[in-house]
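Chain by chain, the residues:
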Amino acid sequence: MKNKALIFGVTAATLITPAFADVIVDITGATAFRAACLTSIKASFDAAPSASYQFAHNKAEGDVINSDNSLWVGKFPGITGTTTIRCTFNGSVQGIRALVDSPAQNPSFYDNTNAGNLITAASSTGGETHKDTANFAKAFVTAQAEIAFSDVAASSTPFSAPLQPADPAAGVVVFTMLTNQGSSVANVTTQNFRALFGLGKAPLSQFTGDPANSTFVYAVGRNDGSGTRTAYLAETGFGIANPVVQYIVNEGNAGTDENTVMQVAPVGGVNVPALNGQDSRNKSTVWGQDQAGNGGYNSGSGLVTAMGRKGTSVQILDEDGGTIGTNRADLVTWISLNDAITARDAGAVFCAYNGYKLNDVAVSGTTMSAADLGKVTHGAYTAWSYQQMYRRNDLTSGDVVSVYNTIKAAIQGNLATAGVPVTSMAVSRDVDGGVVGSTSL
Amino acid sequence: MKTPVLIVFGSILLCGTIAWVLLVSARLDEAAPPERSNLRTGRAPGNHPLSDPGPSENLKNPASGATPDHVASLKENRKSMDNMTPPQIGASRPARREGKQKQPTNQVVRPDAPAAPLAIRLADDFRLPASFMAMAARQSKPEATPVPMPVATVSEQLITEFYQSIARELSTEENSEPVVETDPVTGDLTQVVQPNQGSERITKQFDERYRAMFGDTAYSYHLIRSAIEKTLPLPSPSSVPQD
């Protein structure tokens, strides 16, 4: 009888004792919803009762929403213990890969155990440390991510292992065709795009219809770890797994705002010896096709810089570094709306896609106008994909799922120009690049 | 006096349990025949090959943020997926029909089809997804340039996932009577998938996935081949060579 009482007492005590489990949530993947995600994380921490948290990141103070790496520690709504969120945004396909292939593809996150990562944070009301703070310690640790954002579905990658949840769409990410400063390309059709990215260049007259335009337009874009690239190859019918021919701008002149040297993306990303501006991270590795032309920019920022410049007289190199000629070189790419707006501020020009252009975004650069939104939500403009917010397949309940749900719900109100809430869409598609059909039929 | 009775009773219980387990295993083996070389035949798996690897308590060490060891098992799962063999494809349509001509299928309607996963076969008038035609074309040209491993993996995955989707669809078709046939060679039971609204929707979805993955040109080519394959007239008995 005594034993029974003892067992009962211990069991009751175990059940009554509150759980103060701390949790670490690592987030990685696409950059398209980075600002929306980080804004949502901050808003969630702010909303916690007696908010108390610290955060650090790699951008200037006040610009955490554009950071590549960030670390958040404190009280999160609905979580009893301390919640640590670590973010590293490294691309859609790479993000999915990180969820399913650990430890080989573990991303690097700010190390939360290194006190130096949060040196100036206030203890009670929250605080911010950033890269400009003296002695800011940027120690990193690798770990398998719990959550990954992606511009495309996992089924559009070679890493289609099961992930959670059943409906991961956190919004719709909008893209646009973009040409560089000084270019007269105004509209890009699906046919234009396939011709351009199949050979790497196409006559300007093919885009303008003016026989006098005898110069060439060149294809520029991302490497195959990018969801943006996956989206444009699916949407245009080129084929995600098919190799392309793309150029990379190696050198430019900030003073004259001109691109000066560009090259067919070389095997491995660099020649031997390496030329100025080359980067081994530009090679394509996801589809096992590291071949000439199939590489591309490993991040959107380099592409944005090139698109903001003119191409009045550019030295064109082949994949081996040999000079083909020095000519006028207009560029065309497909890029997320956020990056396009940044490039436009530097001089790039929005193009129409199959005759439809996001006019007002090109003018205002803030939020999408009702007219532009209507083109997306009602199917006239199809340069979009679902922004997927995946969880690891083994995470079906618990604190990580709570954090996931809180962030996903908050994102809907923090999209800005990044995209459109799924609930606003009057059309849908089953797969990336698939047929866009009305949801009311 | 009580002890010997208990021992005897326990032995009977144990033997009965072992016999029951062996019987169930044998039935499962019988209901899960080996994959066959047929363009239209595949396995309707009971479980996804990459299902939840274990307990959901895969939280990181709160202090260090280190990933627990058992999470790495996902990688092993990934490897096993890479090694997974999709239904073998390559038998041409005439050859398949020739086989049927020689040994007619014993087709029966079984409302009480067994719950264990059956192999499934697409009916003769079922339009094959473009990915099937592409795989068959590739296997018929062994001298062709090998495709990179990720591309080959995705091609096989499209076929595996198609069969999984069809199997799920079949399990939801509560009002229909499944058509189950006995394989004339092995005697295994195979469920025949008839074209209907649900299966056509799945076929279209996988066609869209194939188009996104391999482009319009390849998609159009294989879609036409698929349509032709479906509408080809059955060879008359006199035209089939006899042994």
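In this text the structure is predicted, and so the values were computed from the model without any measurement. Sequence order as written defines the numbering, with residues in each chain counted from 1. Chain A is the first chain written and ligand 1 is the first ligand written, with later ones labelled in order. Totals for whole chains, interfaces and linings use all residues, but because this is a predicted model, local features are given only for residues with pLDDT of at least 70 and pairs of side-chain atoms are given and counted only at 80 or more. Excluded from the side-chain calculations are hydrogens and water; all other atoms, namely the structure's heavy atoms, are used.

(A) Structural view of the nonpolar core. Residues and elements named next belong to chain A. Counting 94 residues, the largest nonpolar core has Ile 27, Ile 41, Trp 72, Ile 85 and Ile 407 as its most contacted members. What counts as a helix is a DSSP run of H or I of at least four residues, what counts as a strand is a run of E of at least two, and both are numbered from the N terminus. At eight residues, strand 9 (residues 169–179) tops the list of elements feeding residues into this core. When near neighbours in sequence (up to four residues on either side) are disregarded, Ile 41 contacts Ile 27, Trp 72, Ile 85, Cys 87 and Ile 407. Residues Leu 99, Phe 109, Ala 148 and Ala 241 belong to the second largest nonpolar core, which totals 44 residues. Nonpolar cores are built from buried Ala, Val, Leu, Ile, Met, Phe, Trp, Tyr and Cys residues. Side-chain atoms within 4.5 Å join them into one set. Buried, partly exposed and exposed residues are distinguished by accessible area as a fraction of the type maximum, computed with a 1.4 Å probe on protein chains only: under 20%, between the cut-offs, and over 50%, respectively. Any two residues whose heavy atoms approach within 4.5 Å are treated as being in contact.

(B) Structural view of the confidence of the model for chain B. All names here are of chain B. pLDDT is defined as a per-residue confidence score from the predictor, taking values between 0 and 100. For chain B, per-residue confidence averages 65 on the pLDDT scale, and 46% of positions sit at 70 or higher. The model gives residues 43–58 a pLDDT under 50, and that stretch makes 47 contacts with residues more than four places away or in other chains. The ipTM value of the predicted complex is 0.85, and its pTM value is 0.78.

(C) A look at unusual backbone geometry. Residues and elements named next belong to chain A. Cis geometry is adopted by the peptide bond preceding Pro 165, which originates at Gln 164 and carries an omega value of -15°. In this structure, Pro 165 sits in the loop between strand 8 (147–150) and strand 9. A cis amide bond links Val 272 to the next residue, Pro 273, at an omega of -5°. The residue Asp 257 is not glycine, and still its phi comes out positive at about 60°. Topologically, Asp 257 is positioned in the loop between strand 13 (247–253) and strand 14 (258–264).

(D) Local environment of the packing of helix 2 (residues 34–47) of chain A against helix 11 (residues 399–411) of chain A. All names here are of chain A. The geometry of helix 2 relative to helix 11 is characterised by a closest axis approach of 9 Å and an angle of 115° between their N-to-C directions. Pair helix 2 / helix 11 crosses with right-handed handedness. Touching Ala 36, Cys 37, Ser 40, Ile 41 and Ser 44 of helix 2 are Thr 406, Ile 407, Ala 410 and Ile 411, all from helix 11. All amino acids are sorted into three groups, where Ala, Val, Leu, Ile, Met, Phe, Trp, Tyr, Cys and Pro are nonpolar, Asp, Glu, Lys and Arg are charged, and the leftover types, Gly among them, are polar. A per-class count over the contact of helix 2 with helix 11 returns six nonpolar, three polar and no charged. Here, axes are lines fitted to C-alpha atoms. For helices the fit covers the stretch in contact, and angles between N-to-C directions go from 0 to 180 degrees. Crossings are sorted by hand: turned counterclockwise from the far helix by less than a right angle, the near helix makes the crossing left-handed, and turned clockwise it makes it right-handed.

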